[in-house]
Amino acid sequence: MFWLLLACAGKSEGVEPEVAVEEPVPAVEVVEVVEVTPTEQAPSVRVLLKARHADDLPDRAALEAHEDALDQLIALSREDDELIVRERALLLLALYPESDTARALLIEVAAGTDHAKLRAAAFRGLVPWAGEDEVRALASTAAEDPDARVQAAATALLE
């Protein structure tokens, strides 16, 4: 390649090519193709939560590509290092209204002392349970929260 570049530049005097043209080309290694199942192709639940806009968050059908999506959402909402991932995991727990675990976690976060963004997300996640007395009482109390984000989410839940 170097020789070719020099030849094109008109400076080929005294330069010998490093590889003779008659030499055989080295053999190419054959790589085995592995079949990937649809679940392995789907991005992780955490990656889905890192969508650029909240409007791009997955729906329940997209989450169902993961057999343990609910468990992942619960774990991410409790343990992830990024606040945005925890917040969005709490929001998406609303997609599982049949889950007592999701309901209990949302109530725990909404009533707790976590970051205001997380508490507000928990109230928004509690929408499927908005008619329950316990949830309404919690939202009524939070409507007076010092943080405006929590107030707004709690008030919206009461409407």
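About the thresholds
- Residues numbered from 1 in each chain as written.
- Predicted model: local features only at pLDDT ≥ 70, side-chain atom pairs only at ≥ 80, totals over all residues.
- Heavy atoms only, no water.
- pLDDT = per-residue confidence, 0-100.
- Contact = heavy atoms within 4.5 Å.
- Helix = DSSP H or I, 4+ residues; strand = E, 2+ residues; numbered from the N terminus.
- Expected span 1.5 Å × (residues − 1).
- Buried < 20%, exposed > 50% of the residue type's maximum accessible area, 1.4 Å probe, protein only.
- Polar contact = N/O pair within 3.5 Å; in protein donor to acceptor, adjacent residues only side chain to side chain.

Overview of the confidence of the model for the chain
Looking at the chain, the pLDDT average stands at 83 and 73% of residues meet or exceed 70. Note on residues 36-40: pLDDT under 50 across the span, and three contacts to partners over four residues away in sequence or across chains.

With respect to the environment of Trp-129
Note that Trp-129 resides in the loop between helix H8 (116-125) and helix H9 (133-142). A sequence separation of 32 residues divides Trp-129 from Pro-97, and the C-alpha atoms of the two residues are 7.5 Å apart. When residues no more than four places from it in sequence are discounted, the contact partners of Trp-129 are Leu-93, Tyr-96, Pro-97, Ser-99, Ala-102, Arg-103, Leu-106 and Val-135.

Focus on helix H7 (residues 100-111)
Note: α-helices contain 3.6 residues per turn, so residues at a spacing of three or four share the same orientation. Relative to the 16 Å expected for twelve residues at 1.5 Å per residue, H7 spans 16 Å between its end C-alpha atoms, a close match to the ideal helical length. Inspection of H7 places Ala-102, Arg-103, Leu-105, Leu-106, Ile-107, Val-109 and Ala-110 among the buried residues, and these make up the whole buried set. Those residues of H7 that are buried lie in contact with helix H5 (69-79), helix H6 (83-92), H8 and H9. By the N-cap criterion, in which a side-chain oxygen at the helix start approaches the backbone nitrogen of a residue two or three places on, H7 is capped by Ser-99, the distance to Thr-101 being 3.4 Å.

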